[in-house]
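Below are the chains, spelled out letter by letter.
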Amino acid sequence: MSSNISAMPSSKSDRLGLHPGEQEESGSWFGFSLRSLLLIVVGILLFGLYVGVLLFGENSLEVLNGLEREKKQLSTEKRRLQQANQKLQKKYFELLQITGG
């Protein structure tokens with residue numbers, strides 16, 4: 001029976017699966033040190049900020065769609081102004097012919 005008792009872990013480090021001479025870190029969560037967790041959280045926050053700038057910043061899809069709508073409106077206005085210009089040029093040349101200019 002003494003062999004069964006000696007096979008059981010005798011210390012906390014044995015129960016945690018640490019090698020002899022290793023000690024458990026006091027600030028360890030889920031196997032990560034406090035510094036590692038802090039770096040992971042900061043990395044996630046920076047990545048979230050980057051994605052937010054992509055979605056809602058100056059180069060966002062919303063801005064691109066707005067510029068495309070504005071381009072269509074300006075193209076329509078350009079065609080309207082070209083037609084109005086043609087009509088006015090026609091009247092101008094008719095007036096020149098009538099006055100003998």
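Residues numbered from 1 in each chain as written. Predicted model: local features only at pLDDT ≥ 70, side-chain atom pairs only at ≥ 80, totals over all residues. Heavy atoms only, no water.

Chemist: Could you give an account of the overall build of the protein, naming the residues involved and the relevant values?
Modeler: Each helix and strand counted, the protein has four helices and two strands in total. Burial statistics for the protein: of 101 residues in total, 2% are counted as buried. Per element, the accessible surface of the protein, about 9,900 Å² overall, is 61% carbon and sulfur. (Helix = DSSP H or I, 4+ residues; strand = E, 2+ residues; numbered from the N terminus. Buried < 20%, exposed > 50% of the residue type's maximum accessible area, 1.4 Å probe, protein only. Areas by Shrake-Rupley, 256 points an atom, 1.4 Å probe, with all protein chains shown as cover.)

Chemist: Describe a nonpolar patch on the surface, listing the residues and the values that go with them.
Modeler: Among the surface-exposed residues, W29, F30, F32, L34, I40 and I44 lie close enough to one another that they form a single nonpolar patch of about 700 Å² accessible area. Here the nonpolar patch gets three residues from one element, more than from any other, and that element is helix α3 (residues 34-56). Along the chain, the position of F32 falls in strand β2 (residues 32-33). On the basis of relative accessibility, which here comes to 39%, the residue F32 falls in the partly exposed class. (Patch = residues over 30% accessible without salt bridge, like charges linked within 9 Å, V, L, I, M, F, W, Y side chains within 5 Å. Salt bridge = Lys/Arg side-chain N within 4 Å of Asp/Glu carboxyl O.)

Chemist: Provide a residue-level description of the confidence of the model for the protein, including the pertinent values.
Modeler: Confidence along the protein averages 80 in pLDDT terms, with 72% of residues attaining 70 or more. No element of the protein has a lower mean pLDDT than helix α2 (residues 12-15), which averages 50, and none a higher one than helix α4 (residues 61-99), which averages 94. (pLDDT = per-residue confidence, 0-100.)

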